[in-house]
Structure formats: structure tokens, C-alpha cells
Amino acid sequence: MDSVAIVTGGSRGIGRATALAAAKRGYKVVVGYASNKAAADEVVATIEASNGKAIAVKCDVGVEADILHLFKEADKFGKLGALVNNAGVVDKTARVDEMSAERLVRMMNINVVGSILCAREAVKRMSTTHGGAGGVIVNISSVAATLGSPGLYVDYAASKGAIDTFTVGLAREVSTEGIRVNAIRPGLIDTDIHASGGEPDRAHRLAHMVPMKRVGTADEIANAVVWLMSDEASYVTGTIFDVSGGR
Ligand code: NAP
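None of the values given here were measured: they were computed from a predicted structure.

Criteria and thresholds
Residues numbered from 1 in each chain as written. Predicted model: local features only at pLDDT ≥ 70, side-chain atom pairs only at ≥ 80, totals over all residues. Heavy atoms only, no water. Near = heavy atom within 4 Å. Polar contact = N/O pair within 3.5 Å; in protein donor to acceptor, adjacent residues only side chain to side chain. Areas by Shrake-Rupley, 256 points an atom, 1.4 Å probe, with all protein chains shown as cover. Helix = DSSP H or I, 4+ residues; strand = E, 2+ residues; numbered from the N terminus. Nonpolar A, V, L, I, M, F, W, Y, C, P; charged D, E, K, R; others polar. Pairing = 2+ DSSP bridges. Axes fitted to C-alpha atoms, helices over the stretch in contact; angles between N-to-C directions. Contact = heavy atoms within 4.5 Å. Salt bridge = Lys/Arg side-chain N within 4 Å of Asp/Glu carboxyl O. Buried < 20%, exposed > 50% of the residue type's maximum accessible area, 1.4 Å probe, protein only. Parallel < 35°, antiparallel > 145°, perpendicular 65-115°, else oblique. Left-handed = near helix turned anticlockwise from the far one by under 90°.

**Some remarks on the site of the ligand**
Part 1 of the argument: Around the ligand, a shell composed of 30 residues is seen, among which Ser-11, Arg-12, Asn-86, Tyr-156 and Thr-191 lie nearest.
Part 2 of the argument: Here Ser-11 contributes a side-chain N or O atom positioned 2.7 Å from an oxygen atom of the ligand.
Part 3 of the argument: For the ligand, an oxygen atom lies 3.4 Å from a polar atom in the backbone of Asp-192.
Part 4 of the argument: Considering the ligand on its own, with 900 Å² of exposed area, one finds that the protein chains cover 94% of that surface.
Part 5 of the argument: Broken down by secondary-structure element, the contributors of at least two residues to the shell around the ligand are helix H1 (13-24), helix H6 (154-173) and helix H7 (193-196).
Part 6 of the argument: Each residue belonging to the shell around the ligand can be placed in one class, and the counts come to 14 nonpolar, 12 polar and 4 charged.

As C-alpha cells, this is what we get:
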């Protein structure tokens, strides 16, 4: 396969696992990262050690110029076949009556606007309407979109609700242009994101609330992402897939 997959936030956690899984399936991978160059370089080195191809590109998805740069670098690398809109942030645990406007704007800018802008750039390249050869987009949502995350981060949950709606709308918009668009809603997954919310042990502490009574791994999300990217999912579009141990 001579197809490029962009994974935003590919340096750590679910994005890292997805980058490695996509490379295993033959994609040339563009590993986006916000600031942790060492982590992104490690992902590239791991892919290259297995004879895969990857490059790391710094891209804060909250900055449009960074997104344009990311896609330009991807264009130099090969023909874009897949985008995984994985980059996303939580903030410190808070009630809505404590949230500042700055917090909300940052959250929506990274989680929602960033994903939509990346999808815009992908559609410009993949859509048969624009002379492209088609492709796939997988958006990383969260079960928070259905739970609402009261008392924790309702803003984050709302941003993921927007991703779900965006997934359905974009999928239908480009359904005859060779592009499939789907989303995954991960449950409690063992990554660094819980530490950035101020609670490093959050996933394990809440594992008892999951019907399967355990947290999930980044690989378990990545497996679902690469299936959605594959031809095995050729009739799947506009779908939002819970990968959450039953939660
Ligand atoms: P993580 O371990 O905290 O990793 C975050 C990744 O995103 C890193 O590669 C980071 O880059 C990158 N990133 C952070 N801010 C960014 C920005 N502004 N622009 C571009 N990249 C940025 O997170 P994760 O748990 O793997 O989460 C990945 C996705 O899954 C997110 O969308 C999250 O909402 C979703 N999710 C996670 C869980 C969970 O339990 N872990 C559950 C549901 C949904 P650097 O390495 O450069 O910092």
C-alpha cells in the first residue's frame, strides 16, 4: 500500500497505538504531536525499526497554520488515504459554574474546531469531487458524549457530542465522494490523559463502574480504528462505535 495516514496526537496514548497499528497495516504514517517531540520521534523510530515509514510533524490542532503545515508535509510524503482525528484534551475537574470562558474556548478550539479543520483538509485531498481517490476519516470521540460527565468536565463531554454530530453530518455529506467517516467512543482507557485532568489514577479508580470491570488499553482502541480504516469496513460510514467494555 502506498497510502499516507495522518494521526493527530500520534505521539502518545491512543494516537501512538493507532500510528503503530496503521504502520503494521502498511500505511505511511504522519505522527502529529503538540509539543513532545521525543515521544513522537520514538513512535517514528519504532515504526522504522519494523521497516515501516513514518515522519513526525509538530501540529497543535488548535492552530490553523499548524494544521495547514501538517497536511503540506503529508502531501510531500505521499497520497493521503486516512485521517485519524485523535488529538484531544481534558481540563481540570470542575463544575460548569466554575468554568472560565478561556477554558471553554480552548477546549472547543482543540477538540472540535481542530478536528473539523483537519477533516476539511482531508476532504479537499480525498474527495473524488476534488479529483481525489477517496479515503477514510476516523474521529476519536468519547463515551463522555453520552454520559455528560457531570461534576467532572461537562465541557469536554459536550465537545465530544459535537464530534459525534460532526461525524454523522460529514459522513453523509461526502458519502458519494469515496470517503467514509466514522467515530470511536472510547471508555476508560489507560493513558496519560487522566493525569492532565489532575487525576493520574482516575481510570483504574473508576474501573469498577465498567461492566467488564477493567480499563481498556490504547491498543484495544487502535484495533477498532484500523478496522474502520480498512476495506473490511467498506459499507460502514456515519457510525459511532463504543469501545468501552460495555459502559
Ligand atoms: P493522551 O495520552 O493525553 O495523549 C494526547 C495526545 O494528543 C498526545 O500525543 C499529545 O501530544 C496530543 N495533543 C494534546 N494536545 C494537542 C493539541 N492541542 N494538538 C495536537 N495534539 C495534541 O490522550 P489519550 O488518552 O490518548 O486521548 C486521545 C484521544 O482519545 C482524545 O481525543 C481523548 O479525548 C480521547 N479519549 C480518551 C479516553 C481515555 O480514557 N484515555 C477516553 C475517551 C476518549 P504531545 O505528546 O505532544 O503532548
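**Looking at the sheet that holds strand S3 (residues 54-58)**
Part 1 of the argument: A sheet is described by the order of its strands in space; here 7 strands give the open sequence S3-S2-S1-S4-S5-S6-S7, paired in parallel fashion. Among the strands making up the open sheet, the edge pair consists of S3 and strand S7 (240-243). Strand-to-strand, the axes of this sheet are offset by a mean angle of 20°, without reference to chain direction.
Part 2 of the argument: Each of strand S2 (28-33) and S3 is contacted by helix H2 (residues 37-49), which is oriented at about 170° to S3, the strand it contacts most.

**Overview of the pattern of salt bridges**
Part 1 of the argument: This structure, assessed with the given rule, holds 18 salt bridges.
Part 2 of the argument: Residue Asp-97 pairs with Arg-95 through a salt bridge whose shortest N-O separation is 2.7 Å.
Part 3 of the argument: A salt bridge links Arg-103 to Asp-155; the nearest nitrogen and oxygen atoms lie 2.7 Å apart. In this pair, Arg-103 sits in helix H4 (residues 101-126) while Asp-155 sits in helix H6, placing the two residues 52 residues apart along the sequence.

**Section: the environment of Cys-118**
Part 1 of the argument: Residue position: Cys-118 is located in helix H4.
Part 2 of the argument: Since its relative accessible area comes to 0%, Cys-118 is described here as buried.
Part 3 of the argument: Remark: the alpha-carbon pair of Cys-118 and Arg-12, spanning 106 residues in sequence, is separated by 19 Å.
Part 4 of the argument: Beyond its immediate chain neighbours, meaning those up to four positions away, Cys-118 contacts Thr-8, Val-61, Ile-67, Phe-71, Leu-83 and Asn-85.

**Remarks on the packing of H1 against helix H9 (residues 218-229)**
Part 1 of the argument: Orientation of H1 relative to H9, taken along the N-to-C sense of each, is 50°, at an axis distance of 8 Å. The pairing of H1 with H9 is recorded here as oblique in orientation. The interaxial crossing formed by H1 with H9 has right-handed handedness. The segment H1 lies against H9, with Gly-13, Ile-14, Ala-17, Thr-18, Ala-21 and Ala-22 engaging Ala-218, Asp-219, Ile-221, Ala-222, Val-225, Val-226 and Met-229.
Part 2 of the argument: Residue composition of the contact of H1 with H9, grouped by class: 10 nonpolar, 2 polar and 1 charged.

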